[in-house]
Amino acid sequence: MHETDADLAALQDLLDRSYATAGGHLRDITTPERRVPAGDLAARLQGMSLLTLATVTADCRPIAGPVDGIFYRGAFHFGSSPDSVRFRHIRRRPQVSATHLPGEEFAVTVHGRAVELDMKAPENAGFRATLLEIYTPRYGADWETTFLDSGPLYARIDADRMFSFRMTPDG
(Lines give C-alpha, C1' and ligand atoms only; values in the text may rest on other atoms or scores of the structure.)
Protein backbone atom coordinates (compact mmCIF):
# COMPACT_ATOMS: atom_id res chain seq x y z
CA MET A 1 0.00 0.00 0.00
CA HIS A 2 1.18 3.50 -0.81
CA GLU A 3 -1.34 5.32 1.39
CA THR A 4 -0.17 7.31 4.39
CA ASP A 5 -2.21 7.58 7.59
CA ALA A 6 -3.34 11.03 6.40
CA ASP A 7 -4.39 9.57 3.01
CA LEU A 8 -6.46 6.90 4.74
CA ALA A 9 -8.08 9.43 7.08
CA ALA A 10 -9.00 11.67 4.11
CA LEU A 11 -10.33 8.66 2.19
CA GLN A 12 -12.43 7.53 5.15
CA ASP A 13 -13.83 11.05 5.49
CA LEU A 14 -14.74 11.05 1.77
CA LEU A 15 -16.42 7.65 2.06
CA ASP A 16 -18.36 8.78 5.16
CA ARG A 17 -19.46 12.10 3.62
CA SER A 18 -20.51 10.34 0.42
CA TYR A 19 -22.55 7.74 2.28
CA ALA A 20 -24.21 10.41 4.43
CA THR A 21 -25.55 12.14 1.29
CA ALA A 22 -26.45 8.98 -0.65
CA GLY A 23 -30.01 8.36 -1.73
CA GLY A 24 -32.27 5.89 0.02
CA HIS A 25 -31.93 3.17 -2.61
CA LEU A 26 -28.13 3.16 -2.41
CA ARG A 27 -28.23 3.20 1.39
CA ASP A 28 -30.69 0.25 1.37
CA ILE A 29 -28.23 -1.80 -0.71
CA THR A 30 -24.99 -0.54 0.80
CA THR A 31 -25.86 -1.10 4.43
CA PRO A 32 -23.22 -0.13 7.04
CA GLU A 33 -21.87 -3.69 7.25
CA ARG A 34 -21.41 -3.76 3.44
CA ARG A 35 -19.37 -0.57 3.33
CA VAL A 36 -15.62 -0.99 2.88
CA PRO A 37 -13.45 1.04 5.27
CA ALA A 38 -10.59 3.08 3.80
CA GLY A 39 -7.79 0.75 4.95
CA ASP A 40 -9.50 -2.34 3.55
CA LEU A 41 -10.28 -0.52 0.31
CA ALA A 42 -6.67 0.58 -0.22
CA ALA A 43 -5.43 -2.94 0.55
CA ARG A 44 -7.88 -4.49 -1.92
CA LEU A 45 -7.06 -2.07 -4.75
CA GLN A 46 -3.37 -2.91 -5.13
CA GLY A 47 -1.92 -3.10 -8.62
CA MET A 48 -4.11 -2.46 -11.64
CA SER A 49 -7.89 -2.47 -11.30
CA LEU A 50 -9.94 -2.26 -14.47
CA LEU A 51 -12.23 0.77 -14.36
CA THR A 52 -15.14 1.78 -16.54
CA LEU A 53 -14.55 5.52 -16.91
CA ALA A 54 -17.29 7.87 -18.11
CA THR A 55 -16.53 11.27 -19.62
CA VAL A 56 -18.92 13.88 -20.97
CA THR A 57 -19.35 14.93 -24.62
CA ALA A 58 -19.96 18.52 -25.76
CA ASP A 59 -23.69 17.79 -26.01
CA CYS A 60 -23.73 16.35 -22.46
CA ARG A 61 -23.82 12.67 -23.39
CA PRO A 62 -21.86 10.29 -21.17
CA ILE A 63 -19.33 8.07 -22.92
CA ALA A 64 -17.89 5.15 -20.93
CA GLY A 65 -15.00 2.84 -21.65
CA PRO A 66 -12.38 0.70 -19.91
CA VAL A 67 -9.11 2.05 -18.52
CA ASP A 68 -6.38 0.66 -16.30
CA GLY A 69 -7.09 2.10 -12.87
CA ILE A 70 -4.29 2.53 -10.37
CA PHE A 71 -5.32 3.33 -6.79
CA TYR A 72 -2.52 5.42 -5.34
CA ARG A 73 -2.48 7.64 -2.23
CA GLY A 74 -6.24 7.24 -1.81
CA ALA A 75 -7.30 8.18 -5.34
CA PHE A 76 -7.86 6.44 -8.65
CA HIS A 77 -5.48 7.30 -11.47
CA PHE A 78 -5.72 6.21 -15.10
CA GLY A 79 -3.97 6.62 -18.41
CA SER A 80 -4.99 6.98 -22.03
CA SER A 81 -3.52 8.10 -25.32
CA PRO A 82 -2.80 11.83 -25.64
CA ASP A 83 -5.02 11.96 -28.74
CA SER A 84 -7.84 9.87 -27.27
CA VAL A 85 -11.44 11.05 -27.29
CA ARG A 86 -11.31 10.50 -23.54
CA PHE A 87 -8.63 13.16 -22.99
CA ARG A 88 -10.27 15.55 -25.47
CA HIS A 89 -13.39 15.37 -23.32
CA ILE A 90 -11.43 15.75 -20.06
CA ARG A 91 -9.58 18.83 -21.27
CA ARG A 92 -12.90 20.57 -21.98
CA ARG A 93 -15.10 18.99 -19.29
CA PRO A 94 -13.08 17.30 -16.54
CA GLN A 95 -16.11 15.77 -14.79
CA VAL A 96 -15.81 11.97 -14.73
CA SER A 97 -17.30 8.94 -13.05
CA ALA A 98 -15.60 5.58 -12.75
CA THR A 99 -16.55 2.17 -11.40
CA HIS A 100 -14.45 -0.85 -10.52
CA LEU A 101 -16.77 -3.86 -10.53
CA PRO A 102 -14.92 -7.18 -10.70
CA GLY A 103 -18.08 -9.06 -9.70
CA GLU A 104 -21.30 -8.67 -7.77
CA GLU A 105 -19.52 -9.06 -4.43
CA PHE A 106 -17.36 -5.90 -4.63
CA ALA A 107 -17.70 -2.46 -6.20
CA VAL A 108 -16.16 0.99 -5.94
CA THR A 109 -17.65 4.02 -7.69
CA VAL A 110 -16.12 7.49 -7.77
CA HIS A 111 -17.45 10.79 -9.11
CA GLY A 112 -15.20 13.82 -9.47
CA ARG A 113 -12.83 15.70 -11.75
CA ALA A 114 -9.94 14.32 -13.76
CA VAL A 115 -6.71 16.23 -13.24
CA GLU A 116 -4.00 15.64 -15.86
CA LEU A 117 -0.58 14.78 -14.40
CA ASP A 118 2.90 15.74 -15.55
CA MET A 119 4.65 12.39 -15.17
CA LYS A 120 8.08 14.03 -15.15
CA ALA A 121 7.25 16.44 -12.31
CA PRO A 122 8.93 15.66 -8.97
CA GLU A 123 5.58 15.56 -7.15
CA ASN A 124 4.53 12.58 -9.33
CA ALA A 125 7.71 10.52 -8.80
CA GLY A 126 5.94 8.17 -6.37
CA PHE A 127 3.10 7.51 -8.80
CA ARG A 128 5.61 6.98 -11.62
CA ALA A 129 7.47 4.43 -9.46
CA THR A 130 4.15 2.69 -8.78
CA LEU A 131 3.45 2.43 -12.51
CA LEU A 132 6.88 0.89 -13.00
CA GLU A 133 6.21 -1.63 -10.18
CA ILE A 134 3.01 -2.68 -11.92
CA TYR A 135 3.94 -2.64 -15.60
CA THR A 136 7.68 -3.48 -15.78
CA PRO A 137 7.14 -7.13 -14.72
CA ARG A 138 4.42 -7.46 -17.34
CA TYR A 139 6.00 -5.60 -20.28
CA GLY A 140 9.73 -5.64 -19.60
CA ALA A 141 12.43 -3.30 -18.36
CA ASP A 142 12.24 -0.99 -21.37
CA TRP A 143 8.53 -0.19 -20.76
CA GLU A 144 9.54 3.06 -19.05
CA THR A 145 11.48 4.47 -22.00
CA THR A 146 9.47 2.98 -24.86
CA PHE A 147 6.02 3.58 -23.43
CA LEU A 148 5.77 5.66 -20.25
CA ASP A 149 8.01 8.48 -21.47
CA SER A 150 6.47 8.72 -24.93
CA GLY A 151 3.04 7.18 -24.63
CA PRO A 152 0.01 7.79 -22.50
CA LEU A 153 -1.15 10.70 -20.45
CA TYR A 154 -2.17 10.04 -16.88
CA ALA A 155 -4.79 11.69 -14.72
CA ARG A 156 -5.96 11.48 -11.13
CA ILE A 157 -9.63 11.56 -10.19
CA ASP A 158 -10.13 14.19 -7.51
CA ALA A 159 -13.23 12.69 -5.94
CA ASP A 160 -16.31 14.58 -4.82
CA ARG A 161 -18.01 11.32 -3.88
CA MET A 162 -16.90 7.71 -3.52
CA PHE A 163 -18.95 4.66 -2.66
CA SER A 164 -17.68 1.20 -1.76
CA PHE A 165 -19.56 -2.07 -1.41
CA ARG A 166 -18.74 -5.64 -0.51
CA MET A 167 -20.94 -8.62 0.14
CA THR A 168 -20.54 -10.04 3.57
CA PRO A 169 -20.41 -13.83 4.03
CA ASP A 170 -24.00 -13.81 5.34
CA GLY A 171 -25.28 -11.83 2.35
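Heads up: the structure comes first, above all this text.
Residues numbered from 1 in each chain as written. Predicted model: local features only at pLDDT ≥ 70, side-chain atom pairs only at ≥ 80, totals over all residues. Heavy atoms only, no water.

A. View of the nonpolar core. If you look at the biggest cluster of nonpolar residues, it comprises 27 residues, and the most contacted ones within it are L11, L41, F76, F78, I157 and M162. Each residue touching L11, except ones within four places of it in the same chain, is listed here: A38, L41, F71, G74 and M162. Core analysis: the second largest hydrophobic core is formed by eleven residues, L117, M119, F127 and L132 among them. (Core = buried A, V, L, I, M, F, W, Y, C linked by side-chain atoms within 4.5 Å. Buried < 20%, exposed > 50% of the residue type's maximum accessible area, 1.4 Å probe, protein only. Contact = heavy atoms within 4.5 Å.)

B. Representation of the pairing of strand 2 (residues 62-72) in the model. Pairing of strand 1 (residues 48-56) with strand 2, which is carried by nine bridges, proceeds in the antiparallel orientation. If you follow M48 over to strand 2, its bridge partner there is I70. Here strand 1 hands over to strand 2 after five residues, with C60 in that stretch at a positive phi of 70°. Sheet topology note: the strand 2/strand 3 (residues 75-80) ladder contains four bridges and is antiparallel. Residue pairing for strand 3: Y72 is matched across the bridge by A75. The turn joining strand 2 and strand 3, which pair antiparallel and follow one another in sequence, is formed by two residues; a positive phi near 55° is taken by R73. (Pairing = 2+ DSSP bridges. Helix = DSSP H or I, 4+ residues; strand = E, 2+ residues; numbered from the N terminus.)

C. Focus on the side chain of S84. Mapped onto the elements, S84 comes out in the loop between strand 3 and helix 4 (85-92). With a relative accessible area of 12%, S84 lands in the buried category. Here F87 takes part through its backbone nitrogen, which lies 3.1 Å from a polar atom of the side chain of S84. (Polar contact = N/O pair within 3.5 Å; in protein donor to acceptor, adjacent residues only side chain to side chain.)

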